[in-house]
Amino acid sequence: MNYAVIAMGFVFVVAAGILLGKRIALREAEAWSAGVRQVADAIRAAGVAESKELLRAGEFAGREEALAKVSTFESFCHVREAELATIAGRLAARDAELAAGAARLAEARAGVDAQKARAAAGEAALAQARKDVAALVTEARAALEREAGTSSDEVKASIADTELEDARLHAAQSVRAVDHAPVDETSRTAARLMSISVGRFSGHYLTERLHSLIPLPSGPAADAIIGADGVNLLAIGGVAGVTLTLVETRDAIRLEGLDGVGREVARRVLARLTKEPSLGAEAAEVERGAREISKKLERELDDLGRRAFHVLEIPAAHAEIVRLVGRLNYRTSYTQNQWKHAIEAAFLCGMMAEEMGLDLKLARRSALMHDIGKALTHELDGSHAVIGADYARRLGETEVVANAIGAHHTDEPFNSPYAYLVAAADAMSGARPGARRQMDESYASRLDDLERITRGFKGITEAFAVQGGREVRVYVQEDRVDDLGAVTLSNEIAKKISQEMRFPGQIRVTVIRELRATEIAG
């Protein structure tokens, strides 16, 4: 029991102690809180005082800054007002100037309108004056025409004819002066060299030409040559590169082709078959024989080419060029054999070169090859001069030789004296009398054309073609054509002949005007 009382007492004591401690702590807390409040009030009072001081200082600084800005703005406004006043003055002056200009413009417009009115009145008066002048001119012209007995158009035509005649006379005088002008030494020397060379050379005169129709024997021999359905002709044409056609009468075969060598192969095969018709029994045998003849002819062409170089005493060229020279034997130009023409031109060219002190062999070589392109024109398109020059360059000939080949028809520029000599020798060989032959019909036709063209001009009494058609002599009426008119007439006739006719070489036009005075003594 005592322990319980003791425990209870102990609990009471503890509880009393706790209560006492709480009261003491509460009092202390109240005392601390009161101190804190005092400190906070002091701090708040100090802050309020400091804020008031800062606010007062800020108000003073803001007022000073605002005053400074106001002062600066007022200064700017004063300056701007002065500038605006100046601009306003200028605008006022400009307005005054514009007003004055508008007044002047209005005055000018009024003046222009007045001038337009005066100009319109003047134009009307001028138009009326022109009408009056035209009427007067017409009346005066009519009066003059009545007095003169002719019209103004006839007078104009007469004046034009007179002026034209004077121009023609002046032109004829100029031409005559040129014709009678002294020949310079160069031209005189060139003519002398050409005449010497032609006089020294004695060449061939054309007596043969290639056949285009091969006659056939009559009877079974012709059938043997032709073969069944013309199979032999096809075989021959295939080898020779030409076309063989049987004519409608079946008595001849026509050879058609540009290759002269191929035509010769076909001609030789047909000649063999004509002698031995049995050889035409089989087309294969005919073809084999044609190939043999073709190979034999190729060897002959090589021999002809080598012979040309040997005759001219110049070193041989490339084998292909030698063969091309040989092939010229079966190529003609205006019926002139081109192999003989090449040799002839080479001789002439060498003679002229020798007279000038140039290399004779180089000149002959250039002239001999100048037409090798003609042996290829059936295979290649283009000028034979350009083709020949290209072959010469590719096969090792010098540029002098190649240029002479390419330039002899002016397809290339002349780069050496030899090119000029080759061109001259080519023309001389083709134009000399007897070099080229024409059929009787074409020859007579050319003479007729010459005389017909010549007689078509006014004032001509008679015209004759002489010297194989290389000259036409014209006789004119003495009272209708004077000396200067004869010069003009010869030029016009020559020009018309060149335009309407094709001919090798040149044709000389000679106008003859003679005065015959006859009187009878009694």
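Note that the coordinates shown come from a computational prediction; the quantities given were computed from them, not determined experimentally.

Rules used in this analysis
Residues numbered from 1 in each chain as written. Predicted model: local features only at pLDDT ≥ 70, side-chain atom pairs only at ≥ 80, totals over all residues. Heavy atoms only, no water. pLDDT = per-residue confidence, 0-100. Contact = heavy atoms within 4.5 Å. Phe/Tyr/Trp six-rings, centres within 6.5 Å; stacked < 30°, edge-to-face > 60°. Buried < 20%, exposed > 50% of the residue type's maximum accessible area, 1.4 Å probe, protein only. Helix = DSSP H or I, 4+ residues; strand = E, 2+ residues; numbered from the N terminus. Lys NZ or Arg CZ within 6 Å of the ring centre and 35° of its normal. Polar contact = N/O pair within 3.5 Å; in protein donor to acceptor, adjacent residues only side chain to side chain. Axes fitted to C-alpha atoms, helices over the stretch in contact; angles between N-to-C directions. Parallel < 35°, antiparallel > 145°, perpendicular 65-115°, else oblique. Left-handed = near helix turned anticlockwise from the far one by under 90°. Nonpolar A, V, L, I, M, F, W, Y, C, P; charged D, E, K, R; others polar.

1. Notes on the confidence of the model for the protein chain
Here the protein chain averages 80 in pLDDT, while 84% of its residues score no lower than 70. Here residues 204-211 scores under 50 on pLDDT; set against residues more than four positions off or in separate chains, the count is 25 contacts.

2. What to know about the packing of aromatic side chains
A full pass over the atoms with the stated rule returns two aromatic pairs. Ring centres 4.3 Å apart and planes at 15° place the aromatic pair Phe414 and Tyr420 in the stacked group. Look at Phe414 and you get partly exposed, because its relative accessible area is 25%. Judged by centre distance (6.2 Å) and plane angle (75°), the rings of Phe464 and Tyr475 are edge-to-face. Taken together, the residues span a long stretch of sequence, with Phe464 in strand 6 (residues 460-466) and Tyr475 in strand 7 (residues 471-476) at a distance of eleven residues. The positively charged end of Arg394 is found above the aromatic ring belonging to Tyr391, 4.6 Å away from the centroid.

3. Considering the environment of Gln338
Within the fold, Gln338 resides in helix 9 (residues 338-356). Judged by relative accessible area, which is 1%, Gln338 ranks as buried. For the pair Gln338 and Lys374, spaced 36 residues apart in sequence, the C-alpha separation works out to 8.7 Å. Reaching out from Gln338, the side chain makes a polar contact with the side chain of Lys374 at a distance of 2.8 Å.

4. Some details on helix 8 (residues 319-327)
Every buried residue belonging to helix 8 is among Ile321, Val322, Leu324, Val325, Gly326 and Arg327, and all of these are buried. At its buried positions, helix 8 is contacted by helix 6 (260-275), helix 7 (283-312), helix 9, helix 10 (360-368) and helix 11 (384-394).

5. Some words on the packing of helix 6 against helix 7
At a minimum axis separation of 9 Å, helix 6 and helix 7 run at an interaxial angle of 130°. With respect to each other, helix 6 and helix 7 are oriented oblique. At the point where helix 6 passes helix 7, the crossing takes the right-handed sense. Counted together, Val261, Glu264, Val265, Arg268, Val269, Arg272 and Leu273 of helix 6 and Val286, Gly289, Ala290, Glu292, Ile293, Ser294, Leu297, Glu298, Glu300 and Leu301 of helix 7 form the full contact between these two elements.

6. Thoughts on the side chain of His384
With respect to the secondary-structure elements, His384 resides in helix 11. Only 3.1 Å separates the side chain of His384 from the side chain of Asp371, close enough to count as a polar contact.

7. Here's the deal with the packing of helix 11 against helix 12 (residues 399-407)
The contact between helix 11 and helix 12 brings their axes to 7 Å, and the two run at 165°. Considering the angle they form, helix 11 stands roughly antiparallel to helix 12. In this structure, the crossing between helix 11 and helix 12 has a hand that is right-handed. Across from Ala385, Gly388, Ala389, Ala392 and Arg393 in helix 11, the residues of helix 12 making contact are Glu399, Ala402, Asn403, Ile405 and Gly406. For the contact of helix 11 with helix 12, a count of residues per class yields five nonpolar, three polar and two charged.

8. Quick notes on unusual backbone geometry
Phi at Glu313 takes a positive value of approximately 60°, unusual for a residue other than glycine. Along the chain, Glu313 turns up in the loop between helix 7 and helix 8. On the accessibility criterion, Glu313 (57% relative accessible area) is exposed. Phi is positive for Thr410, which is not a glycine, with a value near 60°. Take Thr410: it is sitting in the loop between helix 12 and helix 13 (417-431). Residue Thr410 is classed as exposed on the basis of its relative accessible area, which comes to 58%.

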